[in-house]
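Residue-level listing of the chains:
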Amino acid sequence: MSAAPFFVAPLDATHDRTGFRCGSAALDRYFREQVTQDIRRRVAACFVALADRKRIAGYYTLASASLMLADLPADIGKKLPRYPAVPAVRMGRLAVDEAFSGQGLGGALLADALVRATGSEIAAYALMVDAKDDRAVGFYAHHGFIALPDSPSTLFLPLATALASRKR
Ligand SMILES: CC(C)(COP(=O)(O)OP(=O)(O)OC[C@H]1O[C@@H](n2cnc3c(N)ncnc32)[C@H](O)[C@@H]1OP(=O)(O)O)[C@@H](O)C(=O)NCCC(=O)NCCS
């Protein structure tokens, strides 16, 4: 996490989601109306950044996924075993409340997701995202994510790369 006074925790029933506004109505609506169903059905896990251990300043979701080997850039795919697909962790959504934007929280939540993905006992090759627009693509590219050649709004970061940059 950044130096800012944020605390990241799994979303639970004590957190108040009603006032969250990130600038994307779809991401706000998902967080207000759908995320708890997804958690209950075990199709997503959700983590929130709390300001003063109370107000939700940002959230992200994680779920299991896979990346088709044939979709990866050729120079990366040829270094992987010849399975049809490799395991991945998908960050389905990432959003920061407008009151907290530009303070490093988005980057800190990305780093938090990478720590969870690399710390799991279940192997994954990469953290992947489906960026919702060009700005989001820019945000992930800025953080080292690589776009799939034929589907440039899907990006991935090999977890070995993330681990190596953490050791530096
Ligand atoms: C995208 C979003 C999560 C960024 O959060 P944030 O807290 O404002 O971003 P940060 O302050 O952590 O920025 C971290 C770094 O990314 C860079 N960055 C931010 N947006 C960027 C963009 N669109 N393109 C390139 N770089 C970008 C910042 O300059 C900063 O760089 P630095 O670490 O070198 O100083 C936030 O703006 C948001 O919630 N947007 C609406 C929802 C959304 O688009 N989600 C994307 C998921 S699909």
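We now turn to the structure provided with this report. (Residues numbered from 1 in each chain as written. Predicted model: local features only at pLDDT ≥ 70, side-chain atom pairs only at ≥ 80, totals over all residues. Heavy atoms only, no water.)

1. A closer look at the overall build of the protein
Then comes step 1: Helix and strand content of the protein: five helices and seven strands.
Then comes step 2: For the protein, the sequential pattern of α-helices and β-strands runs β-α-β-β-α-β-α-β-α-β-β-α.
Then comes step 3: Over its C-alpha atoms the protein spans a radius of gyration of 16 Å, differing by no more than 12% from the 15 Å that the globule rule assigns to 168 residues.
Then comes step 4: Taken along the three principal axes of its C-alpha coordinates, the protein extends 45 × 35 × 35 Å.
Then comes step 5: Counting every position in the protein, which comprises 168 residues, the buried fraction comes to 44%.
Then comes step 6: Across the protein, every contact between residues at least 6 apart in sequence was considered, and the portion connecting residues at least 24 apart equals 65%.
Then comes step 7: Total accessible area computed for the protein in this model is approximately 9,500 Å², and 53% of it derives from carbon and sulfur atoms.
Then comes step 8: Taking the average place of the 21 positive charges on the side chains of the protein and the average place of its 16 negative ones, the gap between the two points comes to 4 Å. (Helix = DSSP H or I, 4+ residues; strand = E, 2+ residues; numbered from the N terminus. Rg over C-alpha atoms; globule rule 2.2 N^0.38 Å. Buried < 20%, exposed > 50% of the residue type's maximum accessible area, 1.4 Å probe, protein only. Contact = heavy atoms within 4.5 Å. Areas by Shrake-Rupley, 256 points an atom, 1.4 Å probe, with all protein chains shown as cover. Lys, Arg positive; Asp, Glu negative; His and termini not counted. Charge placed at Lys NZ, Arg CZ, Asp CG, Glu CD.)

2. Focus: helix H1 (residues 25-40)
Then comes step 1: The end-to-end C-alpha separation of H1 is 23 Å, in line with the 22 Å expected for 16 residues at 1.5 Å each.
Then comes step 2: Of all the bends in H1, the largest measures some 60° and sits at glutamine 34.
Then comes step 3: Those residues of H1 that fall on the buried side of the exposure criterion are Leu27, Asp28, Tyr30, Phe31, Val35 and Asp38.
Then comes step 4: In this structure, the buried residues of H1 make contact with strand S2 (45-51), strand S3 (55-68) and strand S4 (85-96).
Then comes step 5: A positive phi of about 60° marks arginine 42, the residue just after H1. (Expected span 1.5 Å × (residues − 1). Bend = angle between axes of the 7 residues up to and from the residue.)

3. Regarding the environment of serine 101
Then comes step 1: Tracing the chain through its elements places serine 101 in the loop between S4 and helix H3 (105-119).
Then comes step 2: Accessibility expressed as a relative area gives 46% for serine 101, which makes it partly exposed.
Then comes step 3: Counting along the chain gives 44 residues from serine 101 to alanine 57, while the straight-line C-alpha distance between them is 8.8 Å.

4. Considerations on unusual backbone geometry
Then comes step 1: For arginine 42, which is not glycine, the phi dihedral falls at a positive 60°.
Then comes step 2: Relative to the helices and strands, arginine 42 is located in the loop between H1 and S2.
Then comes step 3: For arginine 42, a relative accessible area of 76% corresponds to the exposed category.
Then comes step 4: Notably, aspartate 52 is not glycine yet its phi reads approximately 55°, a positive angle.

5. Here's the deal with the pairing of S3
Then comes step 1: Pairing geometry for S2 and S3, over seven bridges, is antiparallel. Bridge assignment links alanine 51 to a residue of S3, and that residue is arginine 55.
Then comes step 2: Hairpin remark: S2 followed by S3, antiparallel, with three residues in the connecting loop; positive phi at aspartate 52, about 55°.
Then comes step 3: Relative to S4, S3 runs antiparallel, the two sharing ten bridges. (Pairing = 2+ DSSP bridges.)

6. Examining the environment of glycine 19
Then comes step 1: For glycine 19, the location among the structural elements is in the loop between strand S1 (6-10) and H1.
Then comes step 2: For glycine 19, a relative accessible area of 48% corresponds to the partly exposed category.

7. Regarding the site of the ligand
Then comes step 1: The environment of the ligand is made up of 20 residues, and the closest members are Val96, Gly104, Gly106, Gly107 and Arg135.
Then comes step 2: Backbone polar atom of valine 96 to an oxygen atom of the ligand: 2.7 Å apart, as the coordinates give it.
Then comes step 3: One nitrogen or oxygen atom from the main chain of glycine 104 is found 2.8 Å from an oxygen atom belonging to the ligand.
Then comes step 4: Burial of the ligand by the surrounding chains reaches 69%, relative to a free accessible area of 930 Å².
Then comes step 5: Every element with two or more residues in the shell around the ligand is listed here: S4, H3 and helix H4 (134-142). (Near = heavy atom within 4 Å. Polar contact = N/O pair within 3.5 Å; in protein donor to acceptor, adjacent residues only side chain to side chain.)

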